[in-house]
Amino acid sequence: VPPAGLATPIRKVEETSVLYPILTLTWHGPPNMTPEYLALDVAMDILQAHATSRLDRRLKDELKLVHSVSGGLIGLRLGSRVALTATGKAKTSLD
């Protein structure tokens, strides 16, 4: 089975007046429990899994752009789903 892919990225923007803006990035990953999946799982832990993670430290503590950073990796047989979410500070833009 060939890997899933898109010819071009899809961008969906919803404009609403919310107190805390949210930016979510999602993409396809490797099938569950493959060596590539396990490596991505470790990379996701380094990037976002803890308050001392690289993304949290950079975006929240150093640049003071966001309120929180989270993410996840959902393993499926034919491919995984990877997501990173940043919640902005009150009444700020994440553009």
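Being a predicted model, the structure only gives us computed values, none of them experimental.

Novice: With reference to specific residues and values, describe the overall build of the protein chain.
Specialist: A count of helical and extended segments in the protein chain gives 2 helices and 3 strands. Along its sequence from the N terminus, the protein chain presents helices and strands in the succession β-α-α-β-β. Counting only residues that meet the buried cut, the protein chain has 23% of its 95 residues in that class. Across the protein chain, every contact between residues at least 6 apart in sequence was considered, and the portion connecting residues at least 24 apart equals 58%. Entry remark: accessible area of the protein chain is about 7,300 Å², with carbon and sulfur atoms responsible for 59%.

Novice: Help me get a handle on a nonpolar patch on the surface, residues and values and all.
Specialist: Taken together, the side chains of Leu23, Leu25 and Trp27 make up a nonpolar region of the molecular surface, amounting to roughly 270 Å² of accessible area. Mapped onto the elements, Trp27 comes out in strand E1 (residues 22-29).

Novice: Which residues make up the pattern of salt bridges, and what values go with them?
Specialist: Evaluation of the coordinates by the stated rule reveals 1 salt bridge. Arg58 serves as the salt-bridge partner of Glu62, at 3.1 Å between the closest nitrogen and oxygen. One end of the pair is Glu62 and the other is Arg58, both in helix H2 (residues 54-62) and 4 residues apart, which spans about a single turn.

Novice: Describe the side chain of Thr85, naming the residues involved and giving the relevant values.
Specialist: With respect to the element layout, Thr85 can be found in strand E3 (residues 80-88). The exposure class of Thr85 is buried, given its relative accessible area of 18%. Of note is the side chain of Thr85, whose polar atom sits 3.2 Å from the side chain of Thr24. Once residues within four sequence positions are removed from consideration, Thr85 is found in contact with Ile22, Leu23, Thr24, Ser68, Val69 and Ser70.

Novice: Talk me through the environment of Asp45; I want residue IDs and the actual numbers.
Specialist: Mapping Asp45 onto the fold places it in helix H1 (residues 35-48). For Asp45, a relative accessible area of 38% gives the class partly exposed. Remark: the alpha-carbon pair of Asp45 and Gly72, spanning 27 residues in sequence, is separated by 9.0 Å. Excluding anything up to four places from it in sequence, Asp45 contacts His50 and Ser53.

Novice: Can you explain the sheet that holds E1? Please cite residues and give values.
Specialist: With antiparallel pairing, 3 strands are arranged side by side in an open sheet as E1-E3-E2. Unpaired on one side and paired on the other, E1 and strand E2 (66-74) mark the two borders of the sheet. Strand-to-strand twist of the sheet, defined as the mean angle between neighbouring strand axes without regard to direction, takes the value 10°. Relative to E3, E2 is paired through 8 bridges, and the arrangement is antiparallel. If you follow Leu73 over to E3, its bridge partner there is Val82. Contacts from H1 reach E1, E2 and E3 within the one sheet, and its direction differs from that of E2 by about 170°. The sheet strands contacting H2 are E2 and E3, and the helix crosses E2 at an angle near 155°.

Rules and cut-offs
Per-chain numbering applies: the sequence of each chain, read as written, is numbered from 1 onward. Note on the predicted model: pLDDT of at least 70 is required for a residue's local features to be given, and 80 or more for side-chain atom pairs to be given and counted; whole-chain, interface and lining totals, by contrast, use all residues. The side-chain values count all of the structure's non-hydrogen atoms but skip hydrogen atoms and water molecules. Segments assigned H or I by DSSP are reported as helices when at least four residues long, segments assigned E as strands when at least two residues long, and all are numbered from the N terminus. Three labels apply to residues, based on accessible area from a 1.4 Å probe with only protein chains included: buried if under 20% of the type maximum, exposed if over 50%, partly exposed otherwise in between. Pairs of residues are marked as contacts when any of their non-hydrogen atoms sit within 4.5 Å. We get accessible surface area from the Shrake-Rupley algorithm with a probe of 1.4 Å; when it comes to residues, only the shown protein chains can shield them. Patch membership requires more than 30% relative accessible area and the absence of a salt bridge. Residues of like charge join within 9 Å; the nonpolar side chains Val, Leu, Ile, Met, Phe, Trp and Tyr join within 5 Å. Just to be clear on terms, a salt bridge is a Lys or Arg side-chain nitrogen sitting within 4 Å of an Asp or Glu carboxyl oxygen. Any pair of N or O atoms that falls within 3.5 Å is considered a polar contact. Within protein, one atom must be able to donate a hydrogen and the other to accept it, and sequence-neighbouring residues count only if both atoms are side-chain atoms. Any two strands with at least two DSSP bridges between them are considered paired. A fitted line through C-alpha atoms represents every axis, and for helices the fit uses only the stretch in contact; the resulting angles, taken between N-to-C directions, go from 0 to 180 degrees.

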